[in-house]
2 protein chains.
Amino acid sequence: MAEPKTIVNPLFLREDDLRQAIELLFFAYRDFTARGDAILARQHFGRAHHRILYFVGRYPGIPVGDLLDILNITKQSLSRVLSQLVREEYVQQKTGTRDRRQRLLYLTDKGKALERELTSEQRMRFAAAYKDAGAVAVEGFRKVMLGIMDAKARKRFLSPFET
Amino acid sequence: MAEPKTIVNPLFLREDDLRQAIELLFFAYRDFTARGDAILARQHFGRAHHRILYFVGRYPGIPVGDLLDILNITKQSLSRVLSQLVREEYVQQKTGTRDRRQRLLYLTDKGKALERELTSEQRMRFAAAYKDAGAVAVEGFRKVMLGIMDAKARKRFLSPFET
DNA sequence: CGCTTATGTCAGTACTATTGACATAATTGA
DNA sequence: TCAATTATGTCAATAGTACTGACATAAGCG
(Lines give C-alpha, C1' and ligand atoms only; values in the text may rest on other atoms or scores of the structure.)
Protein backbone atom coordinates (compact mmCIF):
# COMPACT_ATOMS: atom_id res chain seq x y z
CA MET A 1 0.00 0.00 0.00
CA ALA A 2 2.59 2.55 1.07
CA GLU A 3 5.47 3.56 -1.10
CA PRO A 4 8.97 2.99 0.25
CA LYS A 5 9.98 5.50 2.87
CA THR A 6 12.79 7.99 2.65
CA ILE A 7 14.81 6.12 5.15
CA VAL A 8 14.59 3.00 3.00
CA ASN A 9 15.23 4.73 -0.28
CA PRO A 10 17.47 7.80 -0.09
CA LEU A 11 16.50 8.77 -3.62
CA PHE A 12 13.18 10.11 -2.46
CA LEU A 13 11.00 12.43 -4.37
CA ARG A 14 10.72 15.98 -3.18
CA GLU A 15 6.99 15.43 -2.82
CA ASP A 16 7.50 12.56 -0.46
CA ASP A 17 9.92 14.61 1.58
CA LEU A 18 7.37 17.34 2.14
CA ARG A 19 4.62 14.89 2.97
CA GLN A 20 6.89 13.38 5.61
CA ALA A 21 7.60 16.78 7.06
CA ILE A 22 3.90 17.44 7.50
CA GLU A 23 3.40 14.12 9.21
CA LEU A 24 6.42 14.53 11.47
CA LEU A 25 5.04 17.81 12.72
CA PHE A 26 1.55 16.41 13.14
CA PHE A 27 2.55 13.32 15.09
CA ALA A 28 5.14 15.12 17.19
CA TYR A 29 2.72 17.83 18.20
CA ARG A 30 -0.03 15.35 18.90
CA ASP A 31 2.12 13.29 21.25
CA PHE A 32 3.79 16.33 22.72
CA THR A 33 0.49 17.69 23.99
CA ALA A 34 -1.26 14.45 24.89
CA ARG A 35 0.13 13.96 28.38
CA GLY A 36 -0.51 17.52 29.46
CA ASP A 37 -4.07 17.30 28.20
CA ALA A 38 -4.61 14.30 30.45
CA ILE A 39 -3.28 16.14 33.49
CA LEU A 40 -5.43 19.16 32.70
CA ALA A 41 -8.55 17.06 32.29
CA ARG A 42 -8.26 16.18 36.00
CA GLN A 43 -9.27 19.70 36.99
CA HIS A 44 -11.62 20.26 34.07
CA PHE A 45 -9.06 22.34 32.27
CA GLY A 46 -7.91 22.18 28.68
CA ARG A 47 -4.91 23.02 26.58
CA ALA A 48 -5.84 26.69 26.60
CA HIS A 49 -5.32 26.80 30.35
CA HIS A 50 -1.84 25.41 29.97
CA ARG A 51 -0.93 28.00 27.35
CA ILE A 52 -1.98 30.82 29.63
CA LEU A 53 -0.14 29.36 32.62
CA TYR A 54 2.91 28.86 30.46
CA PHE A 55 3.16 32.37 29.06
CA VAL A 56 2.22 34.09 32.28
CA GLY A 57 4.97 32.09 33.95
CA ARG A 58 7.31 33.02 31.15
CA TYR A 59 6.53 36.76 31.35
CA PRO A 60 5.42 37.57 34.89
CA GLY A 61 3.46 40.82 34.88
CA ILE A 62 2.46 40.49 31.24
CA PRO A 63 -0.55 42.65 30.35
CA VAL A 64 -3.63 40.95 28.92
CA GLY A 65 -3.14 42.51 25.51
CA ASP A 66 0.35 41.14 25.09
CA LEU A 67 -0.90 37.70 26.03
CA LEU A 68 -3.58 38.00 23.38
CA ASP A 69 -0.92 38.83 20.81
CA ILE A 70 1.15 35.83 21.72
CA LEU A 71 -1.74 33.41 21.72
CA ASN A 72 -3.40 34.89 18.62
CA ILE A 73 -6.90 34.49 19.98
CA THR A 74 -9.70 36.92 20.71
CA LYS A 75 -10.19 38.52 24.09
CA GLN A 76 -13.51 36.73 24.41
CA SER A 77 -11.77 33.39 23.99
CA LEU A 78 -9.11 34.32 26.47
CA SER A 79 -11.61 35.72 28.92
CA ARG A 80 -13.43 32.52 29.71
CA VAL A 81 -10.25 30.60 30.40
CA LEU A 82 -8.40 33.38 32.17
CA SER A 83 -11.38 34.16 34.39
CA GLN A 84 -11.44 30.56 35.49
CA LEU A 85 -7.76 30.61 36.32
CA VAL A 86 -8.16 33.83 38.29
CA ARG A 87 -11.28 32.60 40.07
CA GLU A 88 -9.57 29.37 41.06
CA GLU A 89 -6.45 31.27 42.08
CA TYR A 90 -3.93 29.98 39.60
CA VAL A 91 -3.38 33.46 38.22
CA GLN A 92 -3.40 36.80 39.98
CA GLN A 93 -4.23 40.13 38.37
CA LYS A 94 -2.69 43.41 39.46
CA THR A 95 -3.56 46.84 38.17
CA GLY A 96 -0.66 48.32 36.21
CA THR A 97 1.15 51.20 37.86
CA ARG A 98 2.48 52.82 34.72
CA ASP A 99 -0.87 52.39 32.96
CA ARG A 100 -3.72 51.76 35.33
CA ARG A 101 -5.94 50.38 32.58
CA GLN A 102 -3.73 47.35 32.32
CA ARG A 103 -4.22 44.16 34.25
CA LEU A 104 -0.84 42.59 34.81
CA LEU A 105 -0.85 38.84 35.18
CA TYR A 106 1.16 36.72 37.61
CA LEU A 107 1.11 33.08 38.60
CA THR A 108 0.21 32.30 42.18
CA ASP A 109 2.11 29.53 43.96
CA LYS A 110 -0.73 27.21 43.01
CA GLY A 111 -0.39 28.34 39.41
CA LYS A 112 3.36 27.87 39.46
CA ALA A 113 2.94 24.35 40.74
CA LEU A 114 0.50 23.35 38.03
CA GLU A 115 2.54 25.06 35.33
CA ARG A 116 5.62 23.21 36.45
CA GLU A 117 3.82 19.89 36.45
CA LEU A 118 2.53 20.46 32.95
CA THR A 119 5.64 21.88 31.40
CA SER A 120 8.16 19.61 33.06
CA GLU A 121 6.87 16.63 31.14
CA GLN A 122 7.30 18.55 27.91
CA ARG A 123 10.76 19.69 28.91
CA MET A 124 11.78 16.12 29.65
CA ARG A 125 10.49 15.09 26.26
CA PHE A 126 12.64 17.68 24.56
CA ALA A 127 15.60 16.99 26.80
CA ALA A 128 15.53 13.34 25.76
CA ALA A 129 14.97 14.14 22.10
CA TYR A 130 17.74 16.74 22.08
CA LYS A 131 20.14 14.37 23.79
CA ASP A 132 19.47 11.61 21.28
CA ALA A 133 19.56 13.88 18.28
CA GLY A 134 22.67 15.87 19.16
CA ALA A 135 23.62 19.53 18.95
CA VAL A 136 23.72 19.73 15.17
CA ALA A 137 20.25 18.29 14.90
CA VAL A 138 18.98 20.71 17.51
CA GLU A 139 20.20 23.63 15.49
CA GLY A 140 18.53 22.15 12.42
CA PHE A 141 15.26 21.72 14.25
CA ARG A 142 15.47 25.31 15.36
CA LYS A 143 16.08 26.58 11.84
CA VAL A 144 13.22 24.63 10.33
CA MET A 145 10.77 25.65 13.00
CA LEU A 146 11.67 29.29 12.60
CA GLY A 147 11.14 28.89 8.87
CA ILE A 148 7.67 27.47 9.42
CA MET A 149 6.54 30.32 11.63
CA ASP A 150 4.96 33.44 10.23
CA ALA A 151 7.39 36.31 9.84
CA LYS A 152 5.77 38.19 12.68
CA ALA A 153 6.23 35.37 15.16
CA ARG A 154 9.75 34.70 13.95
CA LYS A 155 10.68 38.30 14.45
CA ARG A 156 9.26 38.40 17.94
CA PHE A 157 10.94 35.15 18.76
CA LEU A 158 14.35 36.32 17.66
CA SER A 159 14.32 39.77 19.23
CA PRO A 160 14.10 40.60 22.90
CA PHE A 161 10.52 41.21 24.00
CA GLU A 162 10.00 44.87 24.70
CA THR A 163 7.54 45.33 27.54
CA MET B 1 11.58 41.67 30.91
CA ALA B 2 12.93 38.80 28.82
CA GLU B 3 16.31 37.25 29.38
CA PRO B 4 18.74 37.26 26.46
CA LYS B 5 17.93 34.66 23.84
CA THR B 6 20.10 31.75 22.82
CA ILE B 7 20.96 33.33 19.55
CA VAL B 8 22.24 36.38 21.35
CA ASN B 9 24.08 34.52 24.03
CA PRO B 10 25.48 31.13 23.00
CA LEU B 11 26.21 30.26 26.62
CA PHE B 12 22.58 29.54 27.28
CA LEU B 13 21.24 27.63 30.17
CA ARG B 14 19.83 24.19 29.49
CA GLU B 15 16.55 25.36 30.98
CA ASP B 16 16.31 28.21 28.55
CA ASP B 17 17.09 25.89 25.68
CA LEU B 18 14.18 23.63 26.54
CA ARG B 19 11.81 26.51 27.04
CA GLN B 20 12.73 27.75 23.58
CA ALA B 21 12.11 24.34 22.10
CA ILE B 22 8.60 24.28 23.52
CA GLU B 23 7.88 27.71 22.14
CA LEU B 24 9.32 26.92 18.72
CA LEU B 25 7.02 23.95 18.42
CA PHE B 26 4.04 25.90 19.68
CA PHE B 27 4.44 28.86 17.36
CA ALA B 28 5.39 26.77 14.35
CA TYR B 29 2.38 24.52 14.75
CA ARG B 30 0.07 27.43 15.34
CA ASP B 31 1.12 29.21 12.18
CA PHE B 32 1.38 26.00 10.20
CA THR B 33 -2.29 25.22 10.73
CA ALA B 34 -3.73 28.75 10.65
CA ARG B 35 -4.11 29.14 6.91
CA GLY B 36 -5.74 25.76 6.42
CA ASP B 37 -8.17 26.50 9.22
CA ALA B 38 -9.26 29.63 7.41
CA ILE B 39 -9.86 27.74 4.16
CA LEU B 40 -11.80 25.06 6.01
CA ALA B 41 -13.96 27.61 7.77
CA ARG B 42 -15.36 28.60 4.36
CA GLN B 43 -17.22 25.32 4.08
CA HIS B 44 -17.97 25.02 7.77
CA PHE B 45 -15.22 22.48 8.25
CA GLY B 46 -12.46 22.33 10.83
CA ARG B 47 -9.00 20.93 11.27
CA ALA B 48 -10.38 17.45 11.85
CA HIS B 49 -11.79 17.42 8.32
CA HIS B 50 -8.37 18.22 6.94
CA ARG B 51 -6.74 15.42 8.88
CA ILE B 52 -9.20 12.89 7.51
CA LEU B 53 -8.83 14.18 3.96
CA TYR B 54 -5.07 14.09 4.35
CA PHE B 55 -4.74 10.54 5.60
CA VAL B 56 -7.39 9.12 3.29
CA GLY B 57 -5.51 10.74 0.44
CA ARG B 58 -2.30 9.33 1.80
CA TYR B 59 -3.64 5.78 2.14
CA PRO B 60 -6.45 5.29 -0.38
CA GLY B 61 -8.63 2.40 0.70
CA ILE B 62 -7.69 2.73 4.36
CA PRO B 63 -10.21 1.04 6.67
CA VAL B 64 -11.90 3.13 9.34
CA GLY B 65 -10.08 1.36 12.15
CA ASP B 66 -6.65 2.16 10.77
CA LEU B 67 -7.62 5.78 10.42
CA LEU B 68 -8.70 5.81 14.05
CA ASP B 69 -5.29 4.44 15.04
CA ILE B 70 -3.47 7.14 13.12
CA LEU B 71 -5.57 9.97 14.43
CA ASN B 72 -5.75 8.63 17.99
CA ILE B 73 -9.35 9.63 18.47
CA THR B 74 -12.51 7.70 19.29
CA LYS B 75 -14.83 6.36 16.65
CA GLN B 76 -17.54 8.67 17.94
CA SER B 77 -15.33 11.67 17.31
CA LEU B 78 -14.37 10.44 13.88
CA SER B 79 -17.93 9.57 13.00
CA ARG B 80 -19.36 13.04 13.07
CA VAL B 81 -16.66 14.45 10.85
CA LEU B 82 -16.35 11.49 8.50
CA SER B 83 -20.12 11.28 8.03
CA GLN B 84 -20.14 14.89 6.95
CA LEU B 85 -17.36 14.30 4.46
CA VAL B 86 -19.17 11.27 3.05
CA ARG B 87 -22.51 13.04 2.95
CA GLU B 88 -21.02 16.00 1.13
CA GLU B 89 -19.13 13.68 -1.19
CA TYR B 90 -15.56 14.46 -0.31
CA VAL B 91 -14.97 10.87 0.79
CA GLN B 92 -16.37 7.66 -0.61
CA GLN B 93 -16.84 4.44 1.34
CA LYS B 94 -16.57 1.01 -0.24
CA THR B 95 -17.25 -2.28 1.45
CA GLY B 96 -14.08 -4.30 1.81
CA THR B 97 -13.77 -7.33 -0.43
CA ARG B 98 -11.39 -9.31 1.74
CA ASP B 99 -13.34 -8.45 4.90
CA ARG B 100 -16.82 -7.25 4.21
CA ARG B 101 -17.15 -5.66 7.64
CA GLN B 102 -14.63 -3.02 6.69
CA ARG B 103 -15.48 0.29 5.11
CA LEU B 104 -12.60 1.32 2.91
CA LEU B 105 -12.20 5.03 2.44
CA TYR B 106 -11.30 6.90 -0.74
CA LEU B 107 -11.24 10.55 -1.73
CA THR B 108 -13.62 11.62 -4.47
CA ASP B 109 -12.40 14.12 -7.05
CA LYS B 110 -14.01 16.83 -4.94
CA GLY B 111 -12.17 15.51 -1.90
CA LYS B 112 -8.88 15.38 -3.78
CA ALA B 113 -9.31 18.97 -4.86
CA LEU B 114 -9.93 20.23 -1.34
CA GLU B 115 -7.15 18.13 0.11
CA ARG B 116 -4.75 19.50 -2.45
CA GLU B 117 -5.76 23.06 -1.70
CA LEU B 118 -5.27 22.56 2.02
CA THR B 119 -2.06 20.60 1.93
CA SER B 120 -0.34 22.51 -0.84
CA GLU B 121 -0.05 25.57 1.35
CA GLN B 122 1.58 23.47 4.05
CA ARG B 123 3.91 21.85 1.55
CA MET B 124 4.98 25.24 0.27
CA ARG B 125 5.66 26.33 3.82
CA PHE B 126 7.92 23.36 4.38
CA ALA B 127 9.51 23.68 0.97
CA ALA B 128 10.52 27.24 1.78
CA ALA B 129 11.67 26.40 5.29
CA TYR B 130 13.66 23.40 4.07
CA LYS B 131 15.28 25.44 1.34
CA ASP B 132 16.33 28.17 3.74
CA ALA B 133 17.49 25.79 6.42
CA GLY B 134 19.46 23.38 4.25
CA ALA B 135 19.81 19.61 4.11
CA VAL B 136 21.68 19.24 7.39
CA ALA B 137 19.03 21.20 9.24
CA VAL B 138 16.31 19.11 7.66
CA GLU B 139 17.88 15.95 8.96
CA GLY B 140 18.13 17.55 12.39
CA PHE B 141 14.50 18.56 12.34
CA ARG B 142 13.59 15.02 11.41
CA LYS B 143 15.61 13.54 14.26
CA VAL B 144 14.17 15.85 16.87
CA MET B 145 10.60 15.32 15.74
CA LEU B 146 11.02 11.57 15.81
CA GLY B 147 12.40 11.90 19.31
CA ILE B 148 9.36 13.86 20.44
CA MET B 149 6.88 11.32 19.15
CA ASP B 150 5.69 8.44 21.26
CA ALA B 151 7.53 5.20 20.55
CA LYS B 152 4.47 3.73 18.90
CA ALA B 153 4.12 6.55 16.40
CA ARG B 154 7.84 6.60 15.74
CA LYS B 155 7.85 2.92 15.00
CA ARG B 156 4.94 3.19 12.63
CA PHE B 157 6.50 6.17 10.98
CA LEU B 158 9.78 4.44 10.35
CA SER B 159 8.47 1.12 9.12
CA PRO B 160 6.42 0.51 6.00
CA PHE B 161 2.70 0.50 6.77
CA GLU B 162 1.33 -3.00 6.53
CA THR B 163 -2.22 -2.91 5.22
C1' DC C 1 -23.38 -21.42 17.04
C1' DG C 2 -21.21 -18.39 20.23
C1' DC C 3 -17.46 -15.00 20.61
C1' DT C 4 -15.12 -11.35 18.67
C1' DT C 5 -14.33 -7.65 15.45
C1' DA C 6 -15.46 -3.55 12.49
C1' DT C 7 -18.37 -0.11 12.25
C1' DG C 8 -22.14 2.99 13.39
C1' DT C 9 -25.26 5.70 16.25
C1' DC C 10 -27.64 8.12 20.20
C1' DA C 11 -27.08 10.98 24.15
C1' DG C 12 -24.80 13.82 27.27
C1' DT C 13 -20.93 16.70 28.55
C1' DA C 14 -16.98 19.73 28.22
C1' DC C 15 -13.51 22.49 26.05
C1' DT C 16 -11.95 25.99 22.39
C1' DA C 17 -12.77 29.60 19.53
C1' DT C 18 -15.34 32.97 16.68
C1' DT C 19 -18.33 37.26 15.58
C1' DG C 20 -20.93 41.12 17.17
C1' DA C 21 -22.47 44.33 20.48
C1' DC C 22 -21.99 46.99 24.36
C1' DA C 23 -19.70 48.89 28.65
C1' DT C 24 -16.19 51.08 31.77
C1' DA C 25 -12.18 53.28 33.10
C1' DA C 26 -7.92 55.36 32.02
C1' DT C 27 -4.80 57.57 28.81
C1' DT C 28 -3.69 60.84 25.33
C1' DG C 29 -3.60 64.46 22.12
C1' DA C 30 -5.39 68.69 20.07
C1' DT D 1 -10.42 70.26 29.09
C1' DC D 2 -12.82 67.28 26.12
C1' DA D 3 -13.10 64.04 22.51
C1' DA D 4 -10.93 60.08 20.65
C1' DT D 5 -8.50 56.10 21.61
C1' DT D 6 -6.91 52.21 24.26
C1' DA D 7 -7.11 48.24 27.62
C1' DT D 8 -10.05 45.33 29.39
C1' DG D 9 -14.35 42.94 30.37
C1' DT D 10 -18.90 40.87 29.49
C1' DC D 11 -23.25 38.97 27.27
C1' DA D 12 -25.02 36.15 23.71
C1' DA D 13 -25.07 33.19 19.85
C1' DT D 14 -22.77 29.85 17.01
C1' DA D 15 -19.62 26.19 15.60
C1' DG D 16 -16.09 22.86 15.86
C1' DT D 17 -13.49 18.96 18.54
C1' DA D 18 -13.45 15.35 21.53
C1' DC D 19 -14.75 12.33 25.36
C1' DT D 20 -17.53 8.54 28.01
C1' DG D 21 -21.15 5.21 28.04
C1' DA D 22 -24.55 2.44 26.01
C1' DC D 23 -26.47 -0.09 22.45
C1' DA D 24 -26.87 -2.14 17.67
C1' DT D 25 -25.73 -4.67 13.34
C1' DA D 26 -23.25 -7.39 10.34
C1' DA D 27 -19.49 -10.27 9.32
C1' DG D 28 -15.59 -13.22 10.40
C1' DC D 29 -13.92 -17.15 12.95
C1' DG D 30 -13.12 -21.27 15.66
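Residues numbered from 1 in each chain as written. Chains lettered and ligands numbered in written order. Predicted model: local features only at pLDDT ≥ 70, side-chain atom pairs only at ≥ 80, totals over all residues. Heavy atoms only, no water.

> So what about the pattern of salt bridges? Which residues, and what values?
Opposite charge on two side chains allows them to pair when their charged atoms are near. Residue and element names in this part refer to chain A. Counting across every chain of the model gives 20 salt bridges over all chains. When the shortest N-O distance is used, the salt bridge between Arg 19 and Asp 16 registers 2.1 Å. Of this pair, Arg 19 and Asp 16 both sit in helix H1 (residues 14-42), separated by 3 residues, roughly a single helical turn. Across this residue pair, the class does not change: Arg 19 and Asp 16 are buried. (Salt bridge = Lys/Arg side-chain N within 4 Å of Asp/Glu carboxyl O. Helix = DSSP H or I, 4+ residues; strand = E, 2+ residues; numbered from the N terminus. Buried < 20%, exposed > 50% of the residue type's maximum accessible area, 1.4 Å probe, protein only.)

> I'd like a description of the protein's contact with DNA strand D, backed by residues and values.
If you check the shell around DNA strand D, you find 26 residues, and the closest are Gly65(A), Lys75(A), Arg101(A), Arg51(B) and Ser77(B). For DNA strand D, the fraction of protein-proximal atoms (within 4 Å) that sit in sugar or phosphate groups is 63%. In this structure, a phosphate oxygen belonging to DNA strand D sits 3.2 Å away from a main-chain N or O atom of Val64(A). A distance of 2.6 Å separates a phosphate oxygen of DNA strand D from a polar atom in the backbone of Gly65(A). Among the elements of the structure, helix H3 (64-71) and helix H4 (75-87) of chain A together with helix H2 (47-58) and helix H4 (75-87) of chain B are those that each provide at least two residues to the surface near DNA strand D. (Near = heavy atom within 4 Å. Polar contact = N/O pair within 3.5 Å; in protein donor to acceptor, adjacent residues only side chain to side chain.)

> Outline the protein's contact with DNA strand C, supporting the account with residue identities and numerical values.
Around DNA strand C, a shell composed of 26 residues is seen, among which His44(A), Arg51(A), Ser77(A), Gly65(B) and Lys75(B) lie nearest. Restricting the count to atoms of DNA strand C within 4 Å of the protein gives a sugar and phosphate share of 59%. Ala48(A) is positioned with one of its backbone polar atoms (N or O) 2.9 Å from a phosphate oxygen of DNA strand C. Within the side chain of Gln76(A), an N or O atom sits 2.8 Å from a base oxygen of DNA strand C. At the level of secondary structure, the elements contributing two or more residues to the surface near DNA strand C comprise helix H2 (47-58) and H4 of chain A together with helix H3 (64-71) and H4 of chain B. Residue composition of the surface near DNA strand C, by class: 5 nonpolar, 12 polar and 9 charged. (Nonpolar A, V, L, I, M, F, W, Y, C, P; charged D, E, K, R; others polar.)

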